[in-house]
Amino acid sequence: MTKLKIHGRATSSNVQAVMWTVAELGLDHERLDVGGAFGGTDTDAYRALNPMGLVPTVQDGDITLFESCAIVRYLAARYGDEKFWPRDPGARAMLDQWAEWGKGTFTRTVVYEVFWTLIRTRKVDRDLNALAAGIENASRLAKLLDQRLGSGPYLAGDNLTFADIITGHVLFRYYSLEFKRVDTPNLDAYYDALTKRPAYAEHVMVDYSSLKVE
Ligand SMILES: N[C@@H](CCC(=O)N[C@@H](CS)C(=O)NCC(=O)O)C(=O)O
């Protein structure tokens, strides 16, 4: 394979999902600091790769992709083994439904209803009622995931899969933000298992204090 090129700043949770995948699969790569304070997303050249002007964007030889979950699925399908990306459509779909839920429902709630208010909104501009509602939503969803995980340790049982990446990358934000979390012993154990993976520690547990506005 050619060397993967990943465009995107390390503090972006969407870039983190991709980088975690790249590291779990041991893929040869280079990551370029693009987006946020680094800029670089508003050029014609970048927009030709990613018309949204967002990160991440990945180039693998002559394949260029945007949308982090599509990238994770592509890398998993192309370079992952049977455990990481089950080839049986039924077995894969059972995991993929949780991946989809993880991105579209859980991550969306944690990022846009909690993280965005606590980290990316000035204190004076925060809507505390909306924040309380967001925390309540995130708590309800965390309970659901806790129930689904059971004794885990991963969504598929013993092995980490693409679905853990898509569902689990937001947990660093979920667990490190300052708010009172509900009691979720299975989810706590899951997060603990993820944090012990070197790829998660390096690429997902990235200090986001540079994103904080006061
Ligand atoms: N659905 C897209 C969302 C991409 C997205 O919103 N990326 C954010 C960072 S997490 C971004 O590019 N923000 C502007 C920037 O960093 O310049 C994905 O999953 O890749």
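Here is what the cut-offs are and how they apply
Positions within a chain are numbered from 1, following the residues in the order the chain's sequence is written. This being a predicted model, a pLDDT of at least 70 is required before a residue's local features are given, and a value of 80 or more before pairs of side-chain atoms are given or counted; all residues contribute to the totals for chains, interfaces and linings. Working from all heavy atoms in the structure, the side-chain values ignore hydrogens and water. Here, a salt bridge means any side-chain nitrogen of Lys or Arg that lies within 4 Å of a carboxyl oxygen of Asp or Glu. Think of it this way: any DSSP run of H or I at least four residues long counts as a helix, any run of E at least two long counts as a strand, and we number them from the N terminus. For every residue, the accessible area obtained with a 1.4 Å probe (protein chains only) is divided by the maximum for its type, and the residue is called buried under 20%, exposed over 50%, and partly exposed between those limits. Paired strands are those between which DSSP finds at least two bridges. Looking down the strands as they point away from you, a crossover is right-handed if its path from the first strand over the helix to the second goes clockwise. What makes two residues a contact is simply this: any of their non-hydrogen atoms within 4.5 Å. By convention here, the domain bounds are inherited from an automatic or database domain assignment. Once two parts are put together, the accessible area they lose, assessed with a 1.4 Å probe and summed over both, is termed the buried area. Residues adjacent in sequence count toward polar contacts only when both atoms are side-chain atoms; beyond that, a polar contact is any pair of N or O atoms within 3.5 Å, and within protein one must be able to donate a hydrogen and the other to accept it. Three classes are used, and their members are as follows: Ala, Val, Leu, Ile, Met, Phe, Trp, Tyr, Cys and Pro are nonpolar, Asp, Glu, Lys and Arg are charged, and the others, Gly among them, are polar. We define proximity as follows: a residue is near a molecule or strand when any one of its heavy atoms falls within 4 Å of that partner. Here the Shrake-Rupley method, with its probe set to 1.4 Å, supplies the accessible areas, and only the displayed protein chains count as covering residues. Inter-axis angles, ranging from 0 to 180 degrees, are taken between N-to-C directions of lines fitted to C-alpha atoms, where helices are fitted over the stretch in contact. Roughly parallel means an angle under 35 degrees; roughly antiparallel, over 145; roughly perpendicular, 65 to 115; everything else is oblique. What makes a crossing left-handed is the near helix being turned counterclockwise from the far one by less than a right angle; a clockwise turn instead makes it right-handed.

**Remarks on the pattern of salt bridges**
For the coordinates displayed, the defined rule picks out seven salt bridges. Note that arginine 73 and glutamate 100 form a salt bridge whose closest N and O atoms lie 3.0 Å from each other. You can see arginine 73 sitting in helix 3 (residues 68-79) and its partner glutamate 100 sitting in helix 4 (residues 89-120), a full 27 residues away along the chain. With a relative accessible area of 48%, glutamate 100 lands in the partly exposed category. Each of the salt bridges in this network shares a partner with another, and the network as a whole consists of Arg73, Asp96 and Glu100.

**Examining the pairing of strand 2 (residues 29-32)**
With four bridges joining them, strand 1 (residues 4-7) and strand 2 adopt parallel strand pairing. Bridge pairing in strand 2 links lysine 5 to glutamate 30. In this region the chain leaves strand 1, passes through helix 1 (residues 13-25) and returns to the parallel neighbour strand 2; the handedness of that crossover is right-handed.

**Some points on the side chain of histidine 203**
Relative to the assigned elements, histidine 203 resides in helix 9 (residues 198-203). Apart from the residues within four sequence positions on either side, histidine 203 is in contact with Gln16, Met19, Trp20 and Ala23.

**With respect to the domain arrangement of the protein chain**
Segmenting the protein chain into domains produces domain 1 (4-79) and domain 2 (89-197). Placing a centre on the C-alpha atoms of domain 1 and another on those of domain 2 gives a separation of 22 Å. Counting residues at the interface gives 15 residues for domain 1, matched by 15 residues for domain 2. At the boundary of domain 1 with domain 2, total buried surface from both sides reaches about 1,200 Å², with 60% on carbon and sulfur atoms. Taking the shortest distance from any N to any O, the salt bridge between aspartate 96 and arginine 73 comes out at 2.7 Å. Taken together, the links from domain 1 to domain 2 amount to six residue pairs in polar contact (both at pLDDT 80 or more). Looking at the side of domain 1 that touches domain 2 element by element, the count peaks at seven residues for helix 1. Tallied by class, residues from the side of domain 1 that touches domain 2 come to five nonpolar, seven polar and three charged.

**Things to note about the site of the ligand**
Near the ligand, the surroundings consist of Arg9, Ser12, Asn14, Gly35, Gly36, Leu54, Val55, Pro56, Glu67, Ser68 and Lys103. Here a nitrogen atom of the ligand sits 2.6 Å away from a polar atom, N or O, in the side chain of glutamate 67. Within the side chain of serine 68, one N or O atom sits 2.6 Å away from an oxygen atom of the ligand. Look at the ligand: alone it shows 500 Å² of surface, and the protein chains cover 76% of it.

**Remarks on the packing of helix 4 against helix 5 (residues 128-149)**
Remark: helix 4 packs on helix 5, axes separated minimally by 9 Å, with the N-to-C direction vectors making an angle of 155°. When the interaxial angle is binned, helix 4 and helix 5 end up roughly antiparallel. Helix 4 and helix 5 meet at a crossing whose hand is left-handed. Residues Leu95, Trp98, Trp101, Thr105, Phe106, Thr109, Val110, Glu113, Val114, Thr117 and Leu118 of helix 4 touch helix 5, and the partners they reach there are Ala130, Leu131, Ala133, Gly134, Ile135, Asn137, Ala138, Leu141, Ala142, Leu144, Leu145 and Arg148. Of the residues that constitute the contact of helix 4 with helix 5, the class distribution is 16 nonpolar, five polar and two charged.

**Topic: the pairing of strand 1**
Pairing of strand 1 with strand 3 (residues 57-60), which is carried by three bridges, proceeds in the antiparallel orientation. Counted as the bridge partner of lysine 5 is glutamine 59 from strand 3.

**Looking at the environment of serine 176**
Summarising the element assignment, serine 176 is placed in helix 7 (residues 171-176). In this structure, the C-alpha to C-alpha distance between serine 176 and glycine 53, residues 123 residues apart in sequence, is 28 Å. Only 2.7 Å separates the side chain of serine 176 from the side chain of tyrosine 208, close enough to count as a polar contact.

**A short note on the environment of leucine 49**
By secondary structure assignment, the location of leucine 49 is in helix 2 (residues 44-49). Other than its neighbours up to four places away in sequence, leucine 49 contacts His7, Thr57, Gln59, Thr64 and Phe66.

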